[in-house]
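Overview (structure and organization)
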Amino acid sequence: MSIASIVPLEDGWEKIKNEGIKVLEEFLDTGHIRSTVPQNTDPKKPRNVFSKANYAELYTTVYNMCTQRTPNNWSEQLYRRYGEAMSEYVQRQVLPALREKTDIPLMKELLHRWSNHKIYVKWMDRFFTYLDRYYVKLQSVEPLHNRGYSIFHQLVFEECKKDTRNALLRVINLERQGEHIDQDLVKGVIEMFIDLGLGNPNVYNTEFEESFLPATSDYFVRQASGWLMEDSFPEYLRKAEVALNAEEQRVTNYLHRSTQPKLKHVVIQALLAQPQPQLLEKETGVVYLLDNDKREDLARMHRMFTLVDNGLNPIAQAFRQYVTDRGNKIVDERVEQAKQMASKSEALGDPSFIQTLLDLHDRFKGIVQECFSQDSLFQKSLKEAFEVFINRDIGKYSFAALMSSFCDRILKKSGERLHDDQVEQLLTKMVELFSFLSDKDLFAEIYRNQLSKRLLYETSASEDAEKSMIAKLKMKCGAQFTSKLEGMINDLSLATDLQKEFREHCEHLDEGRSALGGIDFGVTVLTTGFWPSYQVQDANLNPQMQKAIQVFHNFYNGRTQHRRLQWIHSLGQASITGKLNNRRHDIVVNSYQALILLLFTKDETHDLAFIQNATGLDAALTKKLLATLTISKYKILSKSGDAKTIEDTATFTPNDGFQCTSRRIKIPPPTTEETHNKERVEEDRSIAIEAAIVRIMKMRRQLSHQQLVSEVLTQLAFFKPNPKLIKQRIEHLIEREYLERDPNQASMYRYLA
């Protein structure tokens, strides 16, 4: 049995010092390695300072000294001497090498000494592994690795940190000014700050970042001041963007990633947030960019000020004001033009005003999409701006009338010759413009009247286009808004089927075609609720017409007993063959005009009273009808007296001097002044307001006047009523005992179930 010999402290330490520490220090000072130490063949791998045998021998020595029984257990003494040996080397070799150095030489020497120190700590950790594994844990003292870093921190870093920090800040500023710097050197020094924190960024934050960020702020405040004086708004933003990108790249190149958001905030504050008011006041600001359609600069402006808290608000306000001013200017020009326009057709027939507004919206919508990334703030600004001037009072013919007439022009056969894709595109833009209109219900009423004419007079260019427009309105306003329009389209489809059945019915009659009085007769049955209300004027129909109507009555009553037919002859259409000036013509007229023409089967002469009595029409309508036949484009009849008016004493006779090269002549009926029924719109509005009030009060039971008015305005999508009108409807509902006032508070309403 052998007993291991005791290793005395001094003998063991002498061995460690001579064969380990001194060899390591010589390598750090001179780079010399003993020739007996084998090296890696890969030059990229670090060189071996000790052979495996050397290392094992030193490790075993430390192991033996730490595992001996007390009083020969030298763990505590070895732990202390570990630190003393390292401290002694630092004071002897490292500190003298750093003194007297500043700026880049200081940074280079410091980085070199730090790299050496890490090697020193690495090898010492290996020798003293057993000490670290047991003694450190049992005694709860600082681990050897941390102890090694702390020695460098306390003895070296604390002495030169101020000079090192100043050197770093100077070098970074040089790079900002465009000079080339050694980024690896800067990165190495920055990593030393991070490593000395031992896994915690407090050293980096306290000793570098807390000085770096204010210095950066000062630098860019000075830059901003100079740029503000020298540069235009777009040029300033270009420089600011370059600077911001450079700082973000700086973090990537050599700073700690935790600095990125703080650095970005500092730069944004200095270059954008603080000087924003002065920037926006520049002559080359938002208005200049919009005036000159500088889309790239507008996009940069949005991109940059998105980074500033609430930075886009003043820009959005400027954008809204700019769009409002441009829109108001166009509307002002229109109001002045309207004063010179004499006729209704001139006022409603000119598409240039609405087209200009469409182009304006197109342009600014494009800017919002392309430059402002569909930002909801700018979409809202654009909407609010258009709502300002689209709802202005522009005289006799409202925006609703002009918009509807613009659509009418696109959808009519006689309108502009456009390709299907162009029509679709224009309708889409038109609905976008319509969405800004407050009086949507008024537009719907006018549009319905014009749609009815297109459908009944067969002047619609395309059924698909009509359905497409209705679908777009439905998408924008809901099914309730377009239910009547859809009903009209559906009515015509059903009417076509009904007419087909009627023809088949007539073919099976005993009398055949003669049952209809010998005329080609067709009926379009419409649903009263869908179509505009038409003035019904009774007339003395000729026997053939009466006979045909009776046949249809019998046919229709055989199909249903629950519907009553009402004939609107003003919408009827007749084709009459006539011979004028020895030339045959097919004259297309409405039913009333046909009744008048059928009085002139030969060369008769009739006065106004006779015609009025024979047709059963009132005097005013008779005069209008005769005007279309005598003093309009096609003078089918000639009259006595003044050539421009229909006098009570005038007489009429077929115009033997009539000349027209066309066989088919279409004579338009008299124009009706109203394109919509204002009273009907007002009545519908009153009903809608009352319905909204009842809905709200039924749910809320009790509300103040102000709250009720506010909620009603929120609920009404198709028009914005005057609060006075809402007050009238509330009073009306109180009278009808739907609501009551609170006896103790007059402005409070209660719902009566």
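Residues numbered from 1 in each chain as written. Predicted model: local features only at pLDDT ≥ 70, side-chain atom pairs only at ≥ 80, totals over all residues. Heavy atoms only, no water.

**Re the overall build of the chain**
- When helices and strands are tallied, the chain shows 29 helices and nine strands.
- Relative to the 2.2 N^0.38 estimate, which gives 27 Å for 753 residues, the radius of gyration of the chain is 48 Å and therefore markedly larger than a compact globule would have.
- Each principal axis of the C-alpha distribution contributes one length, and for the chain these read about 150 × 70 × 60 Å.
- Considering only contacts in the chain between residues 6 or more positions apart, those separated by 24 or more positions represent 70%.
- On the chain, roughly 40,100 Å² of surface is accessible, and the fraction owed to carbon and sulfur atoms is 48%. (Helix = DSSP H or I, 4+ residues; strand = E, 2+ residues; numbered from the N terminus. Rg over C-alpha atoms; globule rule 2.2 N^0.38 Å. Contact = heavy atoms within 4.5 Å. Areas by Shrake-Rupley, 256 points an atom, 1.4 Å probe, with all protein chains shown as cover.)

**Digging into the pattern of salt bridges**
- Following the criterion strictly, the structure yields 47 salt bridges and no others.
- For Arg-113, the salt bridge goes to Glu-109, with nearest N and O atoms at 2.9 Å. Taken together, the residues span about one helical turn, with Arg-113 and Glu-109 both in helix H4 (residues 103-127) at a distance of four residues. Take Arg-113 and Glu-109: they sit in the same class, and that class is buried.
- For the salt bridge of Glu-387 with Lys-383, the shortest nitrogen-to-oxygen distance reads 2.8 Å. In this pair, Glu-387 and Lys-383 both sit in helix H17 (residues 376-390), four residues apart, roughly one turn of the helix.
- For Lys-383, a relative accessible area of 42% puts it in the partly exposed group. (Salt bridge = Lys/Arg side-chain N within 4 Å of Asp/Glu carboxyl O. Buried < 20%, exposed > 50% of the residue type's maximum accessible area, 1.4 Å probe, protein only.)

**Some remarks on the sheet that holds strand E1 (residues 573-580)**
- Taken in spatial order, the three strands line up as E1-E2-E6 in an open sheet, and their pairing is mixed. Only two strands of the sheet have a single partner each, and these edge strands are E1 and strand E6 (664-666). Direction aside, the axes of adjacent strands within the sheet are offset by 25 degrees on average.
- With eight bridges joining them, E1 and strand E2 (residues 583-590) adopt antiparallel strand pairing. The residue bridging Gly-578 from the neighbouring strand is His-585, located in E2. (Pairing = 2+ DSSP bridges. Axes fitted to C-alpha atoms, helices over the stretch in contact; angles between N-to-C directions.)

**Let's talk about the packing of helix H20 (residues 440-456) against helix H21 (residues 463-477)**
- Here H20 crosses H21 at 165 degrees, and the two axes come no closer than 13 Å. The orientation of H20 relative to H21 falls into the category roughly antiparallel. At the point where H20 passes H21, the crossing takes the left-handed sense. Taken together, the residues of H21 that come into contact with H20 (itself represented by Lys-440, Phe-443, Tyr-447, Leu-451 and Arg-454) are Glu-466, Met-469, Ile-470, Leu-473 and Cys-477.
- A per-class count over the contact of H20 with H21 returns seven nonpolar, no polar and three charged. (Parallel < 35°, antiparallel > 145°, perpendicular 65-115°, else oblique. Left-handed = near helix turned anticlockwise from the far one by under 90°. Nonpolar A, V, L, I, M, F, W, Y, C, P; charged D, E, K, R; others polar.)

**Looking at empty space enclosed by the protein**
- This structure, assessed with the given rule, holds three cavities of 30 Å³ or more.
- In this structure, the largest cavity occupies an estimated 50 Å³ of space.
- For the largest cavity, the full set of lining residues is Leu-348, Gly-349, Asp-350, Pro-351, Ile-354, Leu-402, Ser-405, Phe-406 and Arg-409.
- Elements supplying a minimum of two residues to the lining of the largest cavity: helix H15 (344-349) and helix H18 (399-411).
- The leading source of residues in the lining of the largest cavity is H18, at four residues.
- Taken together, the residues that form the lining of the largest cavity break down as five nonpolar, two polar and two charged. (1 Å grid on protein atoms, 1.4 Å probe; cavity = no way out; pocket = protein on both sides within 12 Å on 5 of 7 lines; lining within 4 Å. Points joined across faces, edges and corners; volume = space filled by probe spheres on them.)

**A few points about the packing of helix H9 (residues 233-254) against helix H13 (residues 295-305)**
- Where H9 contacts H13, the two axes come as close as 10 Å, and the packing angle between them is 50 degrees. The angle between the axes of H9 and H13 places the two elements in the oblique class. Crossing of H9 over H13 shows left-handed handedness. Taking contact as the criterion, the partners of Phe-233, Pro-234, Leu-237, Arg-238, Ala-240, Glu-241 and Leu-244 in H9 are, on H13, Asp-297, Arg-300, Met-301, Arg-303, Met-304 and Phe-305.
- Residues that form the contact of H9 with H13 fall into these classes: eight nonpolar, no polar and five charged.

**Looking at helix H6 (residues 144-176)**
- Counted at 1.5 Å a residue, the expected span for H6 with its 33 residues is 48 Å, but the 41 Å between its end C-alpha atoms falls short.
- Along H6, the sharpest change in direction is near 55 degrees and occurs at Lys-161.
- Positive phi appears at Gly-178, one or two residues downstream of H6, with a value of about 100 degrees. (Expected span 1.5 Å × (residues − 1). Bend = angle between axes of the 7 residues up to and from the residue.)

**Some remarks on the sheet that holds strand E8 (residues 739-742)**
- What the three strands build is an open sheet, ordered E7-E9-E8; its pairing is antiparallel. Bordering the open sheet on either side are strand E7 (702-704) and E8, each of which pairs with just one other strand. Each strand of the sheet is rotated relative to its neighbour by a mean of 35 degrees, with strand direction disregarded.
- Taken together, the four bridges between E8 and strand E9 (residues 745-751) define a ladder with antiparallel strand orientation. Directly across from Leu-739, in E9, lies its bridge partner Tyr-751.
- Of the strands in this sheet, E7 and E9 touch helix H28 (residues 705-715), which is tilted by about 95 degrees from E7.
- Contacts from helix H29 (residues 723-735) reach E8 and E9 within the one sheet, and its direction differs from that of E8 by about 100 degrees.

**A short note on the side chain of Gln-499**
- By secondary structure assignment, the location of Gln-499 is in helix H22 (residues 479-507).
- Here Val-523 takes part through its backbone nitrogen, which lies 2.8 Å from a polar atom of the side chain of Gln-499. (Polar contact = N/O pair within 3.5 Å; in protein donor to acceptor, adjacent residues only side chain to side chain.)

**Topic: the side chain of Glu-209**
- Locating Glu-209 in the fold gives a position in helix H8 (residues 202-230).
- Within the local environment of Glu-209, its side chain forms a polar contact with the side chain of Thr-259, the two groups lying 2.6 Å apart.
- Setting aside anything within four residues of it in sequence, one finds Glu-209 in contact with Tyr-204, Pro-214, Ser-258, Thr-259 and Lys-262.

**What about the packing of aromatic side chains?**
- Within the structure shown, the criterion is met by 34 aromatic pairs.
- Between Tyr-55 and Tyr-59 the ring centres are 6.2 Å apart and the planes differ by 45 degrees, which places this aromatic pair in the tilted class. Of the two residues, Tyr-55 and Tyr-59 are both situated in helix H2 (residues 52-67); the distance of four residues between them amounts to about one turn of the helix.
- Owing to a relative accessible area of 22%, Tyr-59 belongs among the partly exposed residues under this scheme.
- Measuring from ring centre to ring centre gives 5.5 Å for Phe-353 and Phe-399, while their planes differ by 40 degrees; the resulting arrangement is tilted. You can see Phe-353 sitting in helix H16 (residues 352-370) and its partner Phe-399 sitting in helix H18, a full 46 residues away along the chain. (Phe/Tyr/Trp six-rings, centres within 6.5 Å; stacked < 30°, edge-to-face > 60°.)

**Points about the environment of Ser-258**
- As for its position among the elements, Ser-258 is in the loop between H9 and helix H10 (259-273).
- Judged by its relative accessible area of 26%, Ser-258 is partly exposed.
- Ser-258 sits 53 residues away from Asn-205 along the chain, and the two C-alpha atoms are 9.4 Å apart.
- Contacts of Ser-258, omitting those with residues within four sequence positions, involve Tyr-204 and Glu-209.
- Looking at Ser-258, its side chain comes within polar contact range of the side chain of His-256, at 2.7 Å.

**Concerning unusual backbone geometry**
- For the peptide bond that leads from Thr-70 to Pro-71, omega is 15 degrees, which places it in the cis range.
- With respect to the helices, strands and loops of the structure, Pro-71 is situated in the loop between H2 and helix H3 (75-98).
- A positive phi angle, near 55 degrees, is found at Gln-374, a position not held by glycine.
- With respect to the secondary-structure elements, Gln-374 resides in the loop between H16 and H17.

**Observations regarding the pairing of E2**
- Linkage of E1 to E2, two consecutive antiparallel strands, is achieved through a turn of two residues, within which Asn-581 is found at a positive phi near 55 degrees.
- As paired strands, E2 and E6 are joined by three bridges and run parallel to one another. In the strand pairing of E6, Asp-586 is matched with Arg-664.

Keep in mind that these numbers describe shape and distance, not what the molecule does.
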